Every structure is written in structure tokens, then in C-alpha cells.
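Chain by chain, the residues run as shown.
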Amino acid sequence: MRFKVDENLPQEIAELFHTAGFDADTVVNEGLKGAGDDVIAKAIQSERRALVTLDTDFGNIRAYPPEDYWGVIVLRPAYQDQRTARGRLTRLVPVLRERTPEHELWIVEHDRIRFRRREN
């Protein structure tokens, strides 16, 4: 699986994905720092990457229909520090080994992961 880590997450998250055996790039490494959500959305579509972000705007399935993307994973930590982000990723990796986020929106909370496909 291929992931794009948004700029609102520590760069370390991409390294943790790599360590877990996944292909991960970052918005910052691609020179998209400060780019609007629409630019990020186009980039993940063209690169066939699932986005990992703290940006809850990507949780809007009307604006970002899951069927149009290779996956959108929104982390919802109580705190936005590196330790908490790592904790969410620790919860996420085993699920990624069993299930792909392709064409789904995943909301990763402290006690669960919600999976959503857009219903037509």
C-alpha cells in the first residue's frame, strides 16, 4: 500500500510506515507544504496513495467521496503531539495488514477505527 502523510503530522509518521513495510511519502517532501486541500486531493488521486491526515475536512464524504480516492485516513487524537500520533499509527498498522483503505474513509479514534464508504 502507498500512503501520503499530510504536513499536519510529524515526518516521523512516514518513517514508521516505512518500518512497517509500507510505501509512504509526505506532502512536505513533495513540495506541497501549504497547498490547499484540493491540491492535496489531486496529488493523492494521481499518485494512487491513501492520505493520512489530521485534517477533518477530508472526512467530508460529499467533498471527498471515498470512491474517488485510494483511501483517506483521518487521525482523531485527543492531542496532536508525536507520541499520540504514533499511538494512532500503532493501532492502525495491524488493521492495514488485514484490510485496505481503498475507496474508504477511515476515522482513527483513541478506542476504535470507523470505516465508511459512501452510500449512493
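Residues numbered from 1 in each chain as written. Predicted model: local features only at pLDDT ≥ 70, side-chain atom pairs only at ≥ 80, totals over all residues. Heavy atoms only, no water.

J.: Explain the overall build of the protein chain to me, please; I cannot follow it from the model alone.
T.: Of regular secondary structure, the protein chain possesses three helices and six strands. Along the chain direction, N to C, the helices and strands of the protein chain fall in the order β-α-β-α-β-β-α-β-β. Counting only C-alpha atoms and orienting by the principal axes, one finds that the protein chain spans roughly 35 × 30 × 25 Å. Across the 120 residues of the protein chain, 46% fall into the buried class. (Helix = DSSP H or I, 4+ residues; strand = E, 2+ residues; numbered from the N terminus. Buried < 20%, exposed > 50% of the residue type's maximum accessible area, 1.4 Å probe, protein only.)

J.: Quick question: what am I supposed to make of the sheet that holds strand β2 (residues 23-26) here?
T.: Strands pair in a sheet through their backbones, by hydrogen bonds, and they do so in one of two ways: parallel or antiparallel. If you trace the six strands from one edge of the open sheet to the other, you get β2-β1-β3-β4-β5-β6, paired in mixed fashion. At either margin of the open sheet sits one strand with a lone partner, and together these are β2 and β6 (113-116). Adjacent strand axes in the sheet meet at a mean angle of 20°, parallel and antiparallel pairs treated alike. Both strand β1 (residues 2-5) and β2 contribute to a ladder of four bridges, which runs parallel. Counterpart to Arg2 in the pairing with β2 is Asp23. Against the sheet, helix α1 (residues 12-19) makes contact with β1, β2 and β3 (50-53), and its axis sits at roughly 170° relative to β2, the strand it touches most. (Pairing = 2+ DSSP bridges. Axes fitted to C-alpha atoms, helices over the stretch in contact; angles between N-to-C directions. Contact = heavy atoms within 4.5 Å.)

J.: Explain the side chain of Glu109 to me, please; I cannot follow it from the model alone.
T.: Position of Glu109 relative to the elements: it lies in the loop between β5 (105-108) and β6. A relative accessible area of 15% places Glu109 in the buried class. Side-chain polar atoms of Glu109 contact the side chain of Arg114, separated by 3.0 Å. Among all residues touching Glu109, those that are not within four sequence positions of it are Arg76, Arg88, Arg91 and Arg114. (Polar contact = N/O pair within 3.5 Å; in protein donor to acceptor, adjacent residues only side chain to side chain.)

J.: Please clarify how α1 should be interpreted in this entry.
T.: Residue pairs three or four apart in sequence face the same way in an α-helix, which turns once every 3.6 residues. Every buried residue of α1 is accounted for by Ile13, Ala14 and Phe17. Viewed end-on, α1 has its buried residues packed into an arc of 100°, placing them on one side of the element. Opposite the buried face of α1, at more than 90 degrees from it, the exposed residues are Glu15 and Thr19. Residues of α1 that are buried make contact with β1, β2, β3 and α3 (82-98). Positive phi shows up at Gly21, right after α1, with a value of about 95°. (Arc of directions from axis to C-beta.)

J.: Honestly, the pairing of β3 in this entry has me stumped. Any pointers?
T.: If a strand is regular, its side chains alternate between the two faces of the sheet. On β3, burial covers both faces: Ala50 and Val52 on one face and Leu51 and Thr53 on the other are all buried. Where β1 lies against β3, three bridges are found, and the strand directions are parallel. When the sheet's bridge partners are listed, Lys4 is paired in β3 with Leu51. Direction of pairing for β3 relative to strand β4 (residues 72-75): parallel, over a ladder of three bridges. By the bridge assignment, Leu51 is partnered in β4 with Val72.

J.: Looking at this structure, how should I read the nonpolar core?
T.: Taken as a class, soluble globular proteins show a tendency for nonpolar side chains to be buried jointly. Core analysis: the largest hydrophobic core is formed by 22 residues, its most contacted members being Phe3, Leu9, Phe17, Ile73, Leu92 and Leu96. At the level of elements, β1, α1, β3, β4, α3 and β5 are the ones that each hand at least two residues to this core. Beyond its immediate chain neighbours, meaning those up to four positions away, Leu96 contacts Met1, Phe3, Phe17, Phe22, Ile73, Pro101 and Trp106. With 15 residues, the next largest nonpolar core counts Ala43, Phe58, Tyr69 and Leu105 among its residues. (Core = buried A, V, L, I, M, F, W, Y, C linked by side-chain atoms within 4.5 Å.)

Shape descriptors only; they carry no functional weight alone.
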